[in-house]
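# Structure at a glance
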Amino acid sequence: MADKVIITCAVTGSVHTPSMSRYLPITPDEIAEQAIAAANAGAAILHLHARDPKTGFPAPDPALFMQFLPRIKDATDAVINISTGGGMTMTVEQRIQAAQQAAPEMASLNLGTMNFGLFPALNRKTEWQYDWEPEFLENSRDFVFKNTFSDIEIMLAKLGEANGTRFEFECYDVGHLYTLAHYVDRGLVKGPIFLQFVLGILGGIGADPENLIHMKATADRLFGDQYRFSVLGAGRHQIPFATMSASMGGHVRVGLEDNLYIRKGELAQNNAEQVFKIREILAGLNLEIATPDEARAMLGLKG
Ligand code: KMH
Ligand code: ZN
């Protein structure tokens, strides 16, 4: 029987800017409200970043996370997944601070240094703009997303080994799977492994169905039955690739971090809308969704 499908919702991220959508949650209240609604809509995992409530700029401050994490934990049973990807201007030390302090069940871990292109967003027309946004987008042209072997090892040790946090391993290209296999060989990573295949980021693998098939075939070869995968298609690729993932036995990630729209030309008004959308598609495929506890069991989380 097919696994039930784990829906991850990535609530705000650090890539989109506030003026791209008035619905992007920014303040701790907005992040908590949208995260809770996404969990109520069926998301088993909530992937969370924080932002400065005044400017909307991505922020690493653990105190900001602590303004929404307890609220989400009180109101839902969802798995909390804290980003270590952080944002463009953050050091690796800053990126892991919140996950180090909160010791969540899950944190993201990005498996390689890469160009990370946000600049297609440069040409966007928006109704208003914060001072930092044009500069942020311009600087993103040469943004190098740093995830060296040392960085990866720091995260495995300080979050995984120290706190029992397990990882959403973000794989933006096939080589990232071999990097992870290296850590499995060294005994630093153990199953069940949760892979997030990320397709469609400029600088990473493109959003073509053949690429997803190749990534899954590679993961099968490297990790056998020790892994599960989910798919994040960037922007307009979100729902098509989530659907493809589910059809291939995988899990899905939606949320305004990855895509601001609910359909062509129409902004999603909240994260829950995207959760409901993929839920309907999953129902149409005769697939059931996993509860948070079912996700915990599948992914070996500490609970
Ligand atoms: N923004 C996504 C493409 C992270 O937070 O660690 C990947 C991501 C990275 O979610
Ligand atoms: Zn993220």
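A brief structural summary. No experiment lies behind these values; they were computed from the predicted model shown.

Turning our eyes to something else, we now look at the sheet that holds strand E10 (residues 193-199). On the basis of which strands lie adjacent, the closed barrel formed by eight strands has the order E1-E2-E5-E6-E9-E10-E11-E12 and parallel pairing. Strand after strand, the sheet turns through a mean of 25 degrees between neighbouring axes, direction not considered. In this structure, strand E1 (residues 7-10) lies alongside strand E12 (residues 251-254), joined through three bridges in parallel fashion. Among the inter-strand pairings, threonine 8 is bridged to a residue of E12, identified as arginine 253.

So, about the site of ligand 1. Taken together, His47, His49, Ser83, Gly85, Ser108, Asn110, Phe116, Glu170, Tyr172, Ile201, Arg253 and Glu257 make up all the residues around ligand 1. Serine 83 places a polar side-chain atom, nitrogen or oxygen, 2.7 Å from an oxygen atom of ligand 1. Contacts to ligand 1 include asparagine 110, whose side-chain N or O atom sits 2.8 Å from an oxygen atom. Protein chains shield 95% of the accessible area of ligand 1, which is 300 Å² for the free molecule. Structurally, ligand 1 is housed in the largest pocket. For the shell around ligand 1, the class distribution of residues is three nonpolar, six polar and three charged.

What follows covers the layout of surface pockets. Considered as a void within the structure, the largest pocket measures approximately 1,100 Å³ in volume. Lining the largest pocket are 48 residues, and of these His16, Ala234, Gly235, Asp258 and Asn259 sit closest to its centre. Looking at the lining of the largest pocket, the elements that each hand over two or more residues are strand E6 (106-110), helix H4 (132-139), helix H8 (238-247) and strand E13 (261-263). For the lining of the largest pocket, a count of residues per class yields 22 nonpolar, 17 polar and nine charged. Computed from the structure, the second largest pocket encloses a volume of approximately 290 Å³. Secondary-structure elements contributing two or more residues to the lining of the second largest pocket are helix H5 (149-163), strand E9 (166-171) and E10. Of all the elements, H5 adds the most residues to the lining of the second largest pocket, at five residues. Across the lining of the second largest pocket, the residue classes break down as 11 nonpolar, three polar and four charged.

Bringing the pairing of strand E5 (residues 79-82) into the picture now. Residues Val79 and Asn81 point to one face of E5 and Ile80 and Ile82 to the other, with burial holding for every one of them. Of the strand pairs in this sheet, E5 and E6 are connected by two bridges, and their pairing is parallel. By the bridge assignment for E6, asparagine 81 is matched with methionine 106.

Thresholds, definitions, all that
Residues numbered from 1 in each chain as written. Chains lettered and ligands numbered in written order. Predicted model: local features only at pLDDT ≥ 70, side-chain atom pairs only at ≥ 80, totals over all residues. Heavy atoms only, no water. Pairing = 2+ DSSP bridges. Helix = DSSP H or I, 4+ residues; strand = E, 2+ residues; numbered from the N terminus. Axes fitted to C-alpha atoms, helices over the stretch in contact; angles between N-to-C directions. Near = heavy atom within 4 Å. Polar contact = N/O pair within 3.5 Å; in protein donor to acceptor, adjacent residues only side chain to side chain. Areas by Shrake-Rupley, 256 points an atom, 1.4 Å probe, with all protein chains shown as cover. 1 Å grid on protein atoms, 1.4 Å probe; cavity = no way out; pocket = protein on both sides within 12 Å on 5 of 7 lines; lining within 4 Å. Sits in = over half its atoms within 2 Å of the grid points. Nonpolar A, V, L, I, M, F, W, Y, C, P; charged D, E, K, R; others polar. Points joined across faces, edges and corners; volume = space filled by probe spheres on them. Buried < 20%, exposed > 50% of the residue type's maximum accessible area, 1.4 Å probe, protein only.

Function cannot be read off these values alone, since they describe shape.
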